[in-house]
Structure formats: structure tokens, C-alpha cells
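# Secondary and tertiary structure notes
The lines below spell out each chain.
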Amino acid sequence: MDTYKKLLLANRAWTQEKLTLRPDFFERLSREQKPEFLWIGCSDSRVPAEEITGTQPGELFVHRNIANLVVHTDFNLLSVLQYAVDHLKVKHIIVCGHYGCGGVKAAMGHQRLGLLNKWLRAIKDLYHLHRDELEIQEDVSKRTNRLVELNVIEQVHNLAKTSIVQYAWHTEHRPSLHGWVYGLDTGVLQDLLMVTPDAKMDDIYRFDMEELKADKHHP
Ligand code: CO
């Protein structure tokens, strides 16, 4: 059988299973979504957001890209962020990286990878910034994994620098920002950091709240 056909068959089995447990499962979900969490993860096929967190359809609003980056000019990410924060009113945003990330490995290399080089440039900048700490570690896979952690921390701070998050912090005292890292070889999620709505930040990144309030389309 063609491999793709297995997916469609598995879908039929899955719908039956859900309906057996709860006959109105899909009918209820189709009415609305009220997820409490926005998940920003890596596209890697081995890090399925719902499965590793034991969450069900309707619980996670998900954005995934290579190396779980929060780039302040990425309209895709920003649209997801704005919708999740302003309309869905999520309480938590989780940036989840993973050890052994191919995107982070590629950023540490020197290969020409076309568009991917441009996407991953932010990680090279991060390496440059933390070169001393990273190069103390002689083991390349441990060095990669430290850069994975530093990357998650940086992306959480990038969220805090957006007017979208700052506005919600000011007006509704949410969401909390979380940085997690997943072990491909253990299945374990580790909590690296949490940034709460009263967090301090370098003043240069802070937006004037009165101006934001006056502008309905603030981002
Ligand atoms: Co990855």
C-alpha cells in the first residue's frame, strides 16, 4: 500500500476511537477553539507538540518553523502571535527547542544551503555573542546542545520585545512566556526559563503604552 494511504486509513480509525469515547467530540470542537497555550516549536518530525505534552485537539495553538525562531519581521509568526494573544487570549506561550536540532547544527556549519542560511543567520549571531562560553565546550554535540538552549532563551526574549506581548502584559497581565527544551533521546521536556508579565527588560525595547492603546492595529 502507498504510505500516504496509511495516513488516511489511520485517520478513519482515529475518528472512530474519539467518537466511541465521546460521541460529540468533533461537533463540540467545531463550534470554537479556546486554547490556553501558544506553542512555538521546531518543524522537526520527532517533536510532535500535542503528543509530547499529552494535549488534545483544541488545547494548543501551534506555530512551527525550522529551529523555533521568533523573528520580528516574520509576518507568519507575528500573525500567529497576534491572533493567539489578542483574540484567543492565550495565558502561556511556550517556545520549545530540542537537543540535536538540525537547524542549530546547520547554523554552526559553513555549508551553502540557500534560503536556509538566511533563516538561520540569527543563530550564527547568537553563536557570535556567546562564542566564549560555547567554545569552552570541546565536545561538538554538547556545544550544539548549549546553543540549542541559548537559542530557546533568546527566542523567549524576542517575544517579550514585541508590541503584541507588551500590550497584553500591560492591559491583561498575561501571557507568561516559557522556554523549554526537548530531549529526542529521552522524550523529556525541560523547563529552562519563564518570563512573567512584570519582567524587566532593557528600556530600548520598551514600547510607549499610551501610544499602543491609541492604535487599534498596534503591531
Ligand atoms: Co530542530
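The paragraphs below set out a description of the structure included in this document.

Cut-off values and rules
Residues numbered from 1 in each chain as written. Predicted model: local features only at pLDDT ≥ 70, side-chain atom pairs only at ≥ 80, totals over all residues. Heavy atoms only, no water. Phe/Tyr/Trp six-rings, centres within 6.5 Å; stacked < 30°, edge-to-face > 60°. Helix = DSSP H or I, 4+ residues; strand = E, 2+ residues; numbered from the N terminus. Lys NZ or Arg CZ within 6 Å of the ring centre and 35° of its normal. Core = buried A, V, L, I, M, F, W, Y, C linked by side-chain atoms within 4.5 Å. Buried < 20%, exposed > 50% of the residue type's maximum accessible area, 1.4 Å probe, protein only. Contact = heavy atoms within 4.5 Å. Donors = N, O, S within 2.8 Å, 3.2 Å for Na, K, Ca; no water. Disulfide = S-S within 2.5 Å.

Let's shift gears to the packing of aromatic side chains. Counted by the stated rule, this structure contains four aromatic pairs. Between Trp14 and Phe26, the aromatic rings sit 5.4 Å apart at their centres with planes inclined by 65°, giving edge-to-face as the arrangement. With a gap of twelve residues between them, Trp14 in helix 1 (residues 3-21) and Phe26 in helix 2 (residues 25-31) connect regions that are remote in the sequence. On the basis of an interplanar angle of 75° and a centroid distance of 6.2 Å, the ring pair of Trp39 and Trp180 is categorised as edge-to-face. Of this pair, Trp39 sits in strand 1 (residues 37-42) while Trp180 sits in strand 4 (residues 176-182), and the two are 141 residues apart along the sequence. Feature note: the residues Trp14, Phe25 and Phe26 constitute an aromatic cluster, connected by ring pairs. Over the face of the ring belonging to Tyr205 we find Lys161, whose NZ or CZ atom lies 4.3 Å from the ring centre.

Considering soluble globular proteins, one finds that nonpolar side chains tend to be buried as a cluster. Counting 25 residues, the largest nonpolar core has Leu38, Ile40, Leu81, Ile93, Leu159 and Leu177 as its most contacted members. Taken together, the elements giving at least two residues each to this core come down to strand 1, helix 4 (75-87), strand 3 (92-98), helix 9 (140-160), helix 10 (163-172) and strand 5 (189-195). Looking at this core, the element that brings in the most residues is helix 4, giving six residues. Beyond its immediate stretch of four places on either side in the chain, Ile40 contacts His63, Asn68, Val70, Leu77, Ile93, Ile94, Val95, Cys96 and Leu159.

We now examine the coordination of the cobalt ion. Each donor-metal-donor angle would ideally measure 109.5 degrees in four-coordinate tetrahedral geometry, or 90 or 180 degrees in six-coordinate octahedral geometry. On the protein side, the cobalt ion has Cys42 (SG), His98 (NE2) and Cys101 (SG) as donor atoms, found 2.1 to 2.3 Å from it. Read N to C, the donor residues that coordinate the cobalt ion are spaced as C-x55-H-x2-C. Placement of Cys42 in strand 1 and of His98 in strand 3 is noted, with a sequence separation of 56 residues between them. Overall, His98 belongs to the buried group, its relative accessible area being 0%.

Another point: the state of the cysteines. Taken as a whole, this structure holds zero disulfides when the rule is applied. In this model Cys96 remains outside any disulfide bridge; the closest cysteine sulfur is found in Cys42, 9.2 Å from its own. Residue classification places Cys96 among the buried positions, given a relative accessible area of 1%.

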